[in-house]
Amino acid sequence: MITVNNVSLDFSGQKLFSDVNLLFNAGECYGVIGANGAGKSTFLKILSGELEPSTGTVEIPDGERMSVLKQDHFAYDSFSVLDTIIQGNPRLYEIMQQKDALYNKEDFTDEDGELAAALEAEFAELGGWEVETEISKLLKGLGLDQNLLYEQMGSLPDKDKVKILLAQALFGQPEIILLDEPTNHLDVNTLFWLEDYLKDYRGAIFTVSHDRYFLDAIVTKTLELENRKVAAFRGNYSKYKVLKAEKYEHDLKEYEKQQEEIAALQDYVARNIVRATTAKSAQSRVKKLESMELLEKPLPPPQPPRFVFETTEKCEE
């Protein structure tokens, strides 16, 4: 569904990503994780096209619609809740605006009639007649009153705006959904509803979240951003931690094995390079050292912080 080819991104001469090559498929939920500053949100912006990579391409098949959870809670203040959510499908919203403009014309021509017929056909194909039904279900799932449909976004509290922007991202069954911290400000019931909704979704989901329980509930593949690379691990966050630990042990053994080989080669060269009888074999080991692709020492998996609480006074009995 999405192909990432040789993608790199430089910021002020520093590489954030380097030579990323990945294939993403429908039916998978990708949890994007990494340390603060690793570029998780930036990676989503590259996938969405909001940010151009320094090198490489992101390819999405024609006709595949991508929806992104917006972060600006004030961007839709002049719109109604209904219009805000419908704008999650830009083409459908554009058709509705065009239809309204046509039907409000005083001098409706034959050409206008032909255009209206074409718009009506596309409107139906995009599920336009089920818009309010779908949006009502989304609002109910998100714990919002159905009467909000015609309220102005600017009149709503931020906690409701967050949910409406989430409804916008989910609206119209897009083929790809990008969710950056979708669980912020959600109550427990809404969080459980969102988990169930996303588990039943058949497209491709990418989510950044610091909520490991949420990641465990919905993620099928974990994307780790570390050391200028993006690595994919099969499974949710808990499975990733197990695989990460196993990979670290394997990579560490390979690194230590190479270091031992390097030390042995260097020792042989140091002892034999000046001897006429062994200089040739020593030189061949020099060439081997020069052609060797050096492994980087792997970073240990991050450990959760440990807290120690000390008391300075005893409680009185």
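Asks: When you look at the overall build of the chain in this model, what are you seeing that I'm missing?
Replies: Check the secondary structure of the chain and you find 10 helices and nine strands. At 28 Å, the chain has a C-alpha radius of gyration far larger than the 20 Å of a compact globule built from 317 residues. A principal-axis box enclosing the C-alpha atoms of the chain has dimensions of 100 × 80 × 35 Å. Looking at the chain residue by residue over its 317 residues, the buried ones come to 39%. In the chain, the share of contacts with a sequence separation of at least 24, taken over all contacts with a separation of at least 6, comes to 63%. When the accessible surface of the chain is summed, it comes to about 19000 Å², and 51% of that surface belongs to carbon and sulfur atoms. Side-chain charges of the chain comprise 35 positive and 55 negative groups, with the mean position of each set lying 14 Å from the other.

Asks: Just to check I follow, could you spell out the environment of T3 for this structure?
Replies: If you trace the backbone, T3 turns up in strand 1 (residues 2–11). Since its relative accessible area comes to 24%, T3 is described here as partly exposed. Taking the C-alpha atoms as reference, T3 lies 49 Å from K280; in sequence the two are 277 residues apart. Those residues in contact with T3, other than ones at most four positions away along the chain, are L22, L23, T57, V58 and E59.

Asks: I tried to follow the sheet that holds strand 4 (residues 55–59) on my own but got confused; where do I start?
Replies: To summarise the sheet geometry, strands pair through backbone hydrogen bonds and adopt either a parallel or an antiparallel arrangement. In space, the three strands of this open sheet follow the order 2-1-4, with antiparallel pairing throughout. Each edge of the sheet is formed by a strand with only one pairing partner; in this case those strands are strand 2 (14–24) and strand 4. Along the sheet, successive strands turn relative to each other by an average axial angle of 20°, direction set aside. In terms of strand pairing, strand 1 meets strand 4 through four bridges, oriented antiparallel. Looking at the pairing, T3 lines up with E59 of strand 4.

Asks: Teacher, can you tell me more about unusual backbone geometry here?
Replies: What is expected of a backbone is that most residues other than glycine have negative phi and most peptide bonds are trans. Phi angles above zero are rare outside glycine, and D19 is one such case at about 50°. Note that D19 resides in strand 2. In the Ramachandran plot, E181 falls in the positive-phi region, its phi being about 50° despite a non-glycine side chain. By the secondary structure assignment, E181 is in the loop between strand 6 (176–180) and helix 7 (188–200). With relative accessibility at 16%, the residue E181 sits in the buried group.

Asks: Got a minute to help me understand the sheet that holds strand 3 (residues 29–34) in this structure?
Replies: A sheet is described by the order of its strands in space; here six strands give the open sequence 5-6-7-3-8-9, paired in mixed fashion. The strands lining the two open edges of the sheet, one partner per strand, are strand 5 (66–68) and strand 9 (229–234). On average, each strand axis in the sheet is inclined to that of its neighbour by 20°, with strand direction left out of account. Here strand 6 runs beside strand 7 (residues 204–208); their pairing, made up of five bridges, is parallel. Bridging from a neighbouring strand, I177 pairs with I205 of strand 7. In the packing of helix 6 (residues 158–170) onto the sheet, contacts are made with strand 5 and strand 6, and the angle to strand 6 comes to roughly 155°.

Asks: What am I meant to see in the pattern of salt bridges here?
Replies: Oppositely charged side chains are able to pair whenever their charged atoms sit close together. In total, this model carries 15 salt bridges according to the counting rule given. Across the pair E122 and R91 runs a salt bridge whose closest N-O atoms are separated by 2.9 Å. Here E122 is found in helix 4 (residues 110–125), whereas its partner R91 is found in helix 3 (residues 90–103), with 31 residues between them in sequence. Taking the relative accessible area as the measure of exposure, R91 reaches 30% and is therefore partly exposed. Residues K163 and D187 are paired through a salt bridge, measuring 3.1 Å at the closest nitrogen-oxygen approach. Taken together, the residues K163 in helix 6 and D187 in the loop between strand 6 and helix 7 connect sequence positions 24 residues apart. The class of K163 is buried, set by a relative accessible area of 8%. Of the residues examined, D187 reaches a relative accessible area of 36% and is grouped as partly exposed. Through salt bridges that share partners, R91, E94 and E122 make up one connected network.

Conventions used here
- Residues numbered from 1 in each chain as written.
- Predicted model: local features only at pLDDT ≥ 70, side-chain atom pairs only at ≥ 80, totals over all residues.
- Heavy atoms only, no water.
- Helix = DSSP H or I, 4+ residues; strand = E, 2+ residues; numbered from the N terminus.
- Rg over C-alpha atoms; globule rule 2.2 N^0.38 Å.
- Buried < 20%, exposed > 50% of the residue type's maximum accessible area, 1.4 Å probe, protein only.
- Contact = heavy atoms within 4.5 Å.
- Areas by Shrake-Rupley, 256 points an atom, 1.4 Å probe, with all protein chains shown as cover.
- Lys, Arg positive; Asp, Glu negative; His and termini not counted.
- Charge placed at Lys NZ, Arg CZ, Asp CG, Glu CD.
- Pairing = 2+ DSSP bridges.
- Axes fitted to C-alpha atoms, helices over the stretch in contact; angles between N-to-C directions.
- Salt bridge = Lys/Arg side-chain N within 4 Å of Asp/Glu carboxyl O.

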